[in-house]
Amino acid sequence: MKLSHVVLIVALSVVTTLAVGKYTGLSGGAGHIAAAKESAYDRVMRTGTLRCGYFFYPKFFEKDVNTGKLSGFYYDLVEEIGRRLSLKIDWTEEVGMANAFEGLKSNRYDAVCVPFTMTPNRARETEFTQPVMMAPYFAYVRADDTRFDHNLKAINDPLIKVAFLEGELSQTVRNEDFPKSQAVSLPNMTDVSQVLLQVEMGKADVAFTEPSTAEPFLTMNPGKLKRVDAPSIRMQAVGLDVGVGEEKLKALLNTTIQSLHSTGFIERLFIKSEKDKDFYYLPTQPWRRVE
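Everything numeric in this text was worked out from a predicted model, so none of it was measured. (Residues numbered from 1 in each chain as written. Predicted model: local features only at pLDDT ≥ 70, side-chain atom pairs only at ≥ 80, totals over all residues. Heavy atoms only, no water.)

## Things to note about the overall build of the protein chain
Turning to step 1, where the next piece is worked out: Check the secondary structure of the protein chain and you find eleven helices and twelve strands.
Turning to step 2, where the next piece is worked out: Carbon and sulfur atoms provide 55% of the accessible area of the protein chain, an area that totals close to 15,400 Å². (Helix = DSSP H or I, 4+ residues; strand = E, 2+ residues; numbered from the N terminus. Areas by Shrake-Rupley, 256 points an atom, 1.4 Å probe, with all protein chains shown as cover.)

Below, the structure written as structure tokens:
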């Protein structure tokens, strides 16, 4: 073979290698050539829109069936976050509690903009902002049931049936605190008040939920259920949720939530309806007056 042919073959091999490397990343990594995946933060800044996943939850996020108008604590809160950041809020997709974080992973929305309590198992799937509020959880039973008064440990019994919604905090409470009890599980897209209906109908002995869910049910069904005479089972921090690794978006939301605390906006939301003032609690703020 002539030397000129050898040189030509070598040259063609180099060109081919570089061409393949352009598409496979061999010439310096795919990140040098392929477009980098856009972060939720960059997308929000580019579009001027925060896309929100949501679910309906009494007092926190509701929809008028006649007008379609959205309302509730979290609706007002997130709309104010958008106003202060000069962002449009797009209520993009209704989700279930058990699959809400999947939409963050697949970029269908940028944040879950309704109350999710902060738990370790959820921290594997999402990143929480700083707390917006603290939410108490209580046990509810039929009106004539006194078995658990001042004795919540009695719920942890194979004969006791506990109703919960898949993916909701009540499932975690049952699994962690009362694992010996029988599970009465409802699908994650079910209205959360249905756990109380299971107790009223005798299909379950007890359900765990927040006063914001229980009180409207008790008002509409007087004399049926009651709160167990015992302290709250949980006092849970509640914030907003973003995708794992979305530190810049979380920082943006954290700064705004802190501003809403320090300016008194969130506290004013608490007292907007006087009868609901005990449904939520303000988190302890990390400042105090210099003495």
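## Topic: the packing of aromatic side chains
Turning to step 1, where the next piece is worked out: For the structure on display, the rule yields 15 aromatic pairs.
Turning to step 2, where the next piece is worked out: Seen in terms of ring centroids, Y54 and F56 are 5.5 Å apart; in terms of plane orientation they differ by 70°. Their pairing is edge-to-face.
Turning to step 3, where the next piece is worked out: Judged by its relative accessible area of 30%, F56 is partly exposed.
Turning to step 4, where the next piece is worked out: With centroids separated by 5.3 Å and ring planes inclined at 25°, the aromatic side chains of F73 and F270 adopt a geometry described as stacked. Taken as a pair, F73 in helix α4 (residues 73-85) and F270 in helix α11 (residues 265-270) lie far apart in primary sequence, 197 residues in all. For the residue pair F73 and F270, the accessibility class agrees, reading buried in each case.
Turning to step 5, where the next piece is worked out: Through a chain of ring-to-ring contacts, the aromatic side chains of F55, Y57, F60, F73, Y74, F101, F116 and F270 assemble into a single cluster. (Phe/Tyr/Trp six-rings, centres within 6.5 Å; stacked < 30°, edge-to-face > 60°. Buried < 20%, exposed > 50% of the residue type's maximum accessible area, 1.4 Å probe, protein only.)

## Points about the nonpolar core
Turning to step 1, where the next piece is worked out: Membership of the largest hydrophobic core comes to 80 residues, with the highest contact counts inside it found for F73, Y74 and F208.
Turning to step 2, where the next piece is worked out: Among the elements that make up this core, the one with the highest residue count is strand β7 (residues 133-142) (seven residues).
Turning to step 3, where the next piece is worked out: Filtering out sequence-adjacent residues up to four positions away, F73 remains in contact with K59, F60, V132, M133, I266, L269, F270 and Y280. (Core = buried A, V, L, I, M, F, W, Y, C linked by side-chain atoms within 4.5 Å. Contact = heavy atoms within 4.5 Å.)

## Considerations on the confidence of the model for the protein chain
Turning to step 1, where the next piece is worked out: Per-residue pLDDT for the protein chain has a mean of 86; in total, 84% of the residues score no lower than 70.
Turning to step 2, where the next piece is worked out: Overall, residues 2-12 carries pLDDT values under 50, and its contacts beyond four positions in sequence, including any with other chains, amount to two contacts.
Turning to step 3, where the next piece is worked out: When the criterion is pLDDT under 50, residues 14-34 qualifies, and its contacts beyond four places in sequence or with other chains add up to seven contacts. (pLDDT = per-residue confidence, 0-100.)

## A few points about the pattern of salt bridges
Turning to step 1, where the next piece is worked out: Across all of its chains, the model carries 17 salt bridges by this definition.
Turning to step 2, where the next piece is worked out: With its nearest N and O atoms 2.7 Å apart, the salt bridge here joins E80 to R83. Note that E80 and R83 are positioned in helix α4 at a spacing of three residues, about one turn of the helix.
Turning to step 3, where the next piece is worked out: Bridged by salt links that share partners, the residues R142, D145, R147 and D205 form one connected network. (Salt bridge = Lys/Arg side-chain N within 4 Å of Asp/Glu carboxyl O.)

## Topic: the environment of M134
Turning to step 1, where the next piece is worked out: If you trace the backbone, M134 turns up in strand β7.
Turning to step 2, where the next piece is worked out: Every residue in contact with M134, bar those within four places of it in the chain, is listed here: M235, Q236, A237, Y280, Y281, L282 and P283.

## Points about the state of the cysteines
Turning to step 1, where the next piece is worked out: If you walk through the whole model with that rule in mind, you get one disulfide.
Turning to step 2, where the next piece is worked out: Bridging C52 to C113, the disulfide has an S-S length of 2.1 Å. One quick way to see it: the torsion about the S-S bond of C52 and C113 is about -65°, and its sign makes the bridge left-handed. Residue C52 is found in strand β1 (residues 49-54), and its partner C113 is found in strand β5 (residues 111-117); the two are separated by 61 residues along the sequence. Across the pair, exposure class does not vary: C52 and C113 are buried alike. (Disulfide = S-S within 2.5 Å.)

## Considerations on the side chain of T126
Turning to step 1, where the next piece is worked out: Position of T126 among the secondary structure elements: in the loop between α6 (120-123) and β6 (127-128).
Turning to step 2, where the next piece is worked out: Looking at T126, its side chain comes within polar contact range of the main-chain oxygen of V242, at 2.8 Å.
Turning to step 3, where the next piece is worked out: Setting aside anything within four residues of it in sequence, one finds T126 in contact with F101, L104, D241, V242 and V244. (Polar contact = N/O pair within 3.5 Å; in protein donor to acceptor, adjacent residues only side chain to side chain.)

## Examining helix α3 (residues 40-47)
Turning to step 1, where the next piece is worked out: All of the buried residues in α3 are A40, Y41, R43 and V44. Buried residues of α3 fall within an arc of 165° about the axis and therefore sit on the same side.
Turning to step 2, where the next piece is worked out: Against the buried residues of α3 lie β1 and α10 (247-262).
Turning to step 3, where the next piece is worked out: Two residues or fewer past α3, G48 is found with a positive phi of approximately 70°. (Arc of directions from axis to C-beta.)

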